[in-house]
Amino acid sequence: MHTQETAVRRMAELSRILLDAQHEYYVLGRPSMSDKEYDTLMDELAALEAAHPDVKEADSPTQRVGSDLTSDFPEVRHSIPVLSLDKAYSAEAIVSWMNKAGLKADTGLSFIVEEKIDGVSMVLYYEKGILVRAVTRGNGTVGNDVTANIRTIAAVPLRLSEPLDIAVRGEVYLPKESFSVLNKTMEIPYANPRNLAAGTIRRIKSSETARVPLTIFVYEAYFAGDATLYPNHVELLAALVRLGFRVNPHLGVFASGRQEAEALLSASGVQGFSGAFDDLAGYISGVTRERGNLPYEIDGLVVKVNDLALRDVFGYTGHHPRWAIAYKFESPAAQTVVQDIDVQVGRTGRITPMARVRSVPIGGSVVSNVTLHNQDYIDLLELAIGDTVEVSKRGDVIPAVERVVEKNEEGNTTWRIPAICPSCGSTLVIRGAHTFCPNASGCPAQVGGRIQFFVGKDGMDIANFGPETVTVLRNINALSDIPDIYTLDYRRVLDGQPGFGKKKISLIVTGVEDSRNRPFRVVLSALGLPDFGRKAVDQLLDAGSIRSMEQLLHIVDTHDMDTLTSIPQIGEKMAMTLIESLSAPEMRARIHALGEAGLSFEEEASQVSDVPQIFAGQTWCVTGSFEHFSPREKAMVEVKKRGGRVTSSVTGKTTHLLAGGGAGSKLSQAQKAGARIVSEDEFLGMLDADAKENIRENAGKDANEDSEIETQGRLF
Ligand SMILES: NC(=O)c1ccc[n+]([C@@H]2O[C@H](COP(=O)([O-])OP(=O)(O)OC[C@H]3O[C@@H](n4cnc5c(N)ncnc54)[C@H](O)[C@@H]3O)[C@@H](O)[C@H]2O)c1
Ligand SMILES: [Zn+2]
């Protein structure tokens, strides 16, 4: 038992630790303790406060939602309290909460079950239908104004379909796939998508936020003046969809009978699962089981009273509404010991430090290797061999070392990447945040990795040419680079190799022969160019301005950044990486040899669009705002589909300027450059009749949105 004095001291200490932890978790996205530890300390504080109610501070962390406030952004008062959620850790606890809630309400009650998106809480304020402010949860009363950053999120409507005054709550998150891709490029990678999203929202430069493909699901709204506009949550969600918001379609509605629940759903027009109360436990276990397959992370489910008028009857605490409860999944994390750290040499020469940990089951699989990304990440963790660490694996995201729990006792200091390549002995070099082996052509690990990638599933997918075949061929010095695959006499070199019978060898030969017919885009992605995996190669070729290896290499040799960056999704950095990697002499030699081997270096006709190429040879620039093309990228797509090039600025090469409302300096530049100025109506006339119909139909509600945005400084 604590004396009053030690209790007061401990309570003050706990408050300070918890407030620091909140800053690290909510603001920096780099937690210093696990959620479990945080919750344990919070429970300890709550217990002390219960035992010493007279010294309990009114502003104790137990009484408020965790603060995400930072001095980097202005503070704004919320017009509604922005709270956290009460928590339960089992389906039984949820059912018993529902039963208790049922007692408080005598009418036929219904409940909503939503996914609890593991992202960053955000409130969007609209005035007369225009987004005026995006504010973090803050301490529930006051939040940080992060409007400029939130505006960069495509899924956040800047103007609603109706001129309403409304506050909308949602969760900003980063899809798992985007996280995996993006985190590789981070100077200091983050342990999970939530942390990366939290860090991104608080970037000082919005242009940096814009580079992260954040998105949002909204789930609550408060209409100024009229709180009884909608009878229940499903109707409210339906209204949010109509207004232009992104609402999570994974929704469950539960009522005393299944028909009743179904009726609620169908009246609203919202999609979802409907069930009787008895179906709830099954629903919860189903979602829990399947959550790894979702494209985003959820850390639980939220059960809410459906009837909006009833919510006021239930009321609120300073921390959470009494009409909702979160079912929190157990977070898939475990502690283990780092037994060793070594490095992998990738096919691009990039060095990735790997922690070899004592095998431990986490989230349904056994983890024994964990990536440590780069030296900065290791430095941030201050990680040494022998340390006890917490490893997490949320969703199907790769396992991550979250932090060091206990330092080793052997006196090992923070681990450092070695100075030389373990595969070839070259002195390693540092480029940006990563370390590389510079010996691209001679490093066995790089050559082997490149060949493995080329023949593998993400490359040419050559049947019967697995990693062992590559290893054997490398060991007998038969395979020194990719093109050898197409010149080798397999029957001769593999003859007598253990495990390679006549049948197997002839299957390899057939596999190699078949692969000669792979489409150009497969060949290009099999080369393993940095940043250009299958998806990026598709984007590169789908734009239509590049149809062959010859065209691509010409662009590379002339450093034609304009053509590359005018392709949607391809930014300056990617364009530069592409030019650099395709300029390397050994890459060129490889490409040349593959051409000699007869691989396909041209897009097939069937992959080229059948839209008449009426803009072929022309260079367009698009400026201003449009009635039928909003955002104006839609107009750019139409130009490209028809063979035209699109550039972001007017140059001597510009042949056409598509000028919409509010066109500025580009207009006079284009006139000077002698480019033809095309109005929106003229442009529509140029597009063929079918396409025009489509565009007119789809223009829909966001038609006039851009004029507003343009005047707010989004001109080029
Ligand atoms: N490790 C640390 O240092 C540290 C620090 C602070 C907080 N935490 C963790 O965070 C927890 C408390 O955090 P919290 O209050 O931000 O979040 P919470 O996990 O208690 O959940 C409440 C939040 O869920 C979100 N949410 C997602 N989908 C929703 C939906 N459909 N409907 C309603 N809300 C939805 C909302 O933003 C809401 O504010 C702690 O228990 C702890 O696990 C950890
Ligand atoms: Zn090397």
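Worth saying up front: this structure is predicted, and the values here are computed from it rather than measured.

## Some details on the overall build of the chain
Right, on to step 1. A tally of helices and strands in the chain yields 27 helices and 23 strands.
Right, on to step 2. Its C-alpha radius of gyration of 29 Å places the chain within 12% of the 27 Å reference for a compact globule of 716 residues.
Right, on to step 3. Seen along its three principal axes, the alpha-carbon backbone of the chain occupies a region of about 85 × 75 × 50 Å.

## Observations regarding the sheet that holds strand S20 (residues 619-623)
Right, on to step 1. Strand order in the open sheet formed by 4 strands is S21-S20-S22-S23, with parallel pairing between adjacent strands. Since the sheet does not close on itself, it has two edges, and those belong to strand S21 (645-647) and strand S23 (676-678), each with one partner. Strand-to-strand twist across the sheet, computed as the mean angle between neighbouring axes with direction ignored, equals 30°.
Right, on to step 2. Contacts between helix H24 (residues 665-673) and the sheet are confined to S20, strand S22 (656-659) and S23, with S22 contributing the most and set at about 155° to the helix.

## Digging into the sheet that holds strand S10 (residues 273-276)
Right, on to step 1. Pairing within the open sheet is mixed, and its 6 strands lie in the order S2-S12-S11-S3-S9-S10. The open sheet has two free edges, formed respectively by strand S2 (87-88) and S10, since each of these has just one partner strand.
Right, on to step 2. Pairing geometry for strand S11 (residues 298-305) and strand S12 (residues 324-328), over 5 bridges, is antiparallel. Bridge pairing links Gly300 to Lys328 in S12.
Right, on to step 3. Against the sheet, helix H3 (residues 91-104) touches S2, strand S3 (110-117), S11 and S12, its axis set at about 170° to S12.

## Remarks on the site of ligand 1
Right, on to step 1. The immediate surroundings of ligand 1 are formed by 23 residues, with Tyr25, Asp35, Ser84, Glu114 and Ser121 found nearest.
Right, on to step 2. Within the residue set of the shell around ligand 1, elements represented by two or more residues are helix H1 (4-27), helix H2 (35-51) and S3.
Right, on to step 3. Looking at the shell around ligand 1 element by element, the count peaks at 4 residues for H1.
Right, on to step 4. Classifying every residue of the shell around ligand 1 gives 11 nonpolar, 5 polar and 7 charged.
Right, on to step 5. Both domain 1 (4-55) and domain 2 (82-328) contribute no fewer than three residues apiece to the shell around ligand 1.

## Observations regarding the UniProt feature "active site" (unreviewed entry) in the chain
Right, on to step 1. Sequence positions flagged by UniProt for "active site" (unreviewed entry) are, in local numbering, Lys116.
Right, on to step 2. With respect to the element layout, Lys116 can be found in strand S3.
Right, on to step 3. Overall, the presence of 21 C-beta atoms within 10 Å leaves Lys116 in the buried class.
Right, on to step 4. Apart from the residues lying within four places of it in its own chain, the contact partners of Lys116 are Ile298, Asp299, Gly300, Leu301, Val302 and Ala326.

## So, H1
Right, on to step 1. When the terminal C-alpha atoms of H1 are compared, their 34 Å separation across 24 residues agrees well with the 34 Å that a helix rising 1.5 Å per residue should span.
Right, on to step 2. Those residues of H1 that sit buried are Met11, Leu14, Leu18, Ala21, Gln22, Tyr25, Tyr26 and Val27.
Right, on to step 3. Buried residues along H1 sit in contact with H2 and helix H6 (193-201).
Right, on to step 4. Within two residues after H1, Gly29 carries a phi angle of roughly 70°, on the positive side.

## Focus: the domain arrangement of the chain
Right, on to step 1. Domain boundaries in the chain define domain 1 (4-55), domain 2 (82-328), domain 3 (333-436), domain 4 (444-515), domain 5 (520-607) and domain 6 (619-714).
Right, on to step 2. The distance between the C-alpha centroids of domain 3 and domain 4 comes to 31 Å.
Right, on to step 3. Facing 6 residues of domain 3, the contacting portion of domain 4 comprises 6 residues.
Right, on to step 4. Residues of the side of domain 3 that touches domain 4, tallied by class, amount to 2 nonpolar, 3 polar and 1 charged.

## Quick look at the nonpolar core
Right, on to step 1. Val172, Ala197, Leu240 and Val401 are the most contacted members of the largest nonpolar core, which totals 96 residues.
Right, on to step 2. Considering each element in turn, this core owes the most residues, 7 residues, to H1.
Right, on to step 3. Residue contacts for Val401: discarding those within four places in its chain leaves Ala355, Val370, Leu372, Leu381, Leu383, Val389 and Val391.
Right, on to step 4. Counting residues in each nonpolar core, the second largest holds 45 residues, with Val447, Leu479, Phe532 and Ala575 among its members.

## Description of the packing of helix H13 (residues 444-455) against helix H14 (residues 467-475)
Right, on to step 1. H14 packs onto H13 with a crossing angle of 140° between their chain directions and a minimal axis gap of 10 Å. Classified by the angle between their axes, H13 and H14 sit oblique to one another. H14 is crossed by H13, and the crossing has right-handed handedness. Facing Gly448, Ile451, Gln452 and Val455 of H13, the residues of H14 in contact are Pro467, Val470 and Arg474.

Criteria and thresholds
Residues numbered from 1 in each chain as written. Chains lettered and ligands numbered in written order. Predicted model: local features only at pLDDT ≥ 70, side-chain atom pairs only at ≥ 80, totals over all residues. Helix = DSSP H or I, 4+ residues; strand = E, 2+ residues; numbered from the N terminus. Rg over C-alpha atoms; globule rule 2.2 N^0.38 Å. Pairing = 2+ DSSP bridges. Axes fitted to C-alpha atoms, helices over the stretch in contact; angles between N-to-C directions. Contact = placed C-beta atoms within 7 Å. Near = placed C-beta within 6 Å. Nonpolar A, V, L, I, M, F, W, Y, C, P; charged D, E, K, R; others polar. Domains from an automatic or database assignment. UniProt positions renumbered as here; feature names shortened; annotations may be inferred. Buried ≥ 20, exposed ≤ 12 C-beta atoms within 10 Å, placed from the backbone. Expected span 1.5 Å × (residues − 1). Core = buried A, V, L, I, M, F, W, Y, C linked by C-beta atoms within 7 Å. Parallel < 35°, antiparallel > 145°, perpendicular 65-115°, else oblique. Left-handed = near helix turned anticlockwise from the far one by under 90°.

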